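Fold and geometry: a report
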Amino acid sequence: MKRILFLVLTPLLLAGCVRSSASYYIDGPAHSLSVRAEQEYFWNSDVVVKLVAAHLPDCQRQFPMMTLPLAAVKVELYGAGDNVYSVRVGKQVMRIETGGCTRLTEPTTEELGQRLGAFKLDAEKKLVFEQDANARPAPPAAPASAR
């Protein structure tokens, strides 16, 4: 009886948890940057944030970022051209090259690029990407044969 009660109540313990992701499509779903926010338990007020770079079929890679309070989830996205993007969470800045899904050195202010928008939790605790109104997409990288 206790086992059945436990099995019935377990989903209720997970019901309030945040498990959401949102994507910024660079060149369709096969070439994108996604942010994942995961809250382990509903009583925990922290969210683990991860960045996923994808340039399929060549690569897909997940980069752990940091653990944040639920109310402070805001990941800013910047584009610097040539498939180079930077994400900023608080004081942490990570620069990614999406052609090979590689992490680059931390960018200087000049290397950060143009702000494209931000990933945020909406009122329903769903992660969304809000594009800046004046953001222009970064120019596409030159074909590999032209480099």
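Structural notes, computed from the coordinates. (Residues numbered from 1 in each chain as written. Predicted model: local features only at pLDDT ≥ 70, side-chain atom pairs only at ≥ 80, totals over all residues. Heavy atoms only, no water.)

Read across the open sheet, the six strands follow the order E8-E7-E6-E5-E9-E10; overall the sheet is antiparallel. With partners counted over all chains shown, the strands left at the sheet margins are strand E8 (102-104) and strand E10 (127-131), one partner each. Strand-to-strand, the axes of this sheet are offset by a mean angle of 30°, without reference to chain direction. (Pairing = 2+ DSSP bridges. Helix = DSSP H or I, 4+ residues; strand = E, 2+ residues; numbered from the N terminus. Axes fitted to C-alpha atoms, helices over the stretch in contact; angles between N-to-C directions.)

Membership of the largest hydrophobic core comes to 30 residues, with the highest contact counts inside it found for Leu51, Leu77, Phe119 and Leu127. In contact with leucine 77, not counting residues within four places along its chain, are Tyr24, Leu33, Tyr85, Ser86, Val87, Gln114, Arg115, Leu116, Gly117, Phe119 and Phe129. (Core = buried A, V, L, I, M, F, W, Y, C linked by side-chain atoms within 4.5 Å. Buried < 20%, exposed > 50% of the residue type's maximum accessible area, 1.4 Å probe, protein only. Contact = heavy atoms within 4.5 Å.)

This paragraph deals with unusual backbone geometry. Most peptide bonds take the trans form, and the phi angle of most residues other than glycine is negative. With an omega of 10°, the peptide bond between leucine 56 and proline 57 qualifies as cis. Summarising the element assignment, proline 57 is placed in the loop between strand E3 (46-55) and strand E4 (59-69). Although it is not a glycine, aspartate 82 sits at a positive phi angle of roughly 50°. Topologically, aspartate 82 is positioned in the loop between strand E5 (74-79) and strand E6 (84-89). Phi at lysine 125 is positive, roughly 65°, even though this residue is not glycine. The exposure class assigned to lysine 125 is partly exposed, which follows from its relative accessible area of 41%.

Time to look at the packing of aromatic side chains. This model, assessed by the stated rule, comprises three aromatic pairs. Connected via pairs of aromatic rings, a cluster forms that spans Tyr24, Tyr85, Phe119 and Phe129. (Phe/Tyr/Trp six-rings, centres within 6.5 Å; stacked < 30°, edge-to-face > 60°.)

Moving on to the pairing of E4. Bridge analysis of E3 against E4 gives 10 bridges, and the strand direction is antiparallel. Residue pairing in the sheet places valine 47 in a bridge with leucine 68 of E4. Hairpin connection from E3 to E4: three residues lie between these consecutive antiparallel strands.

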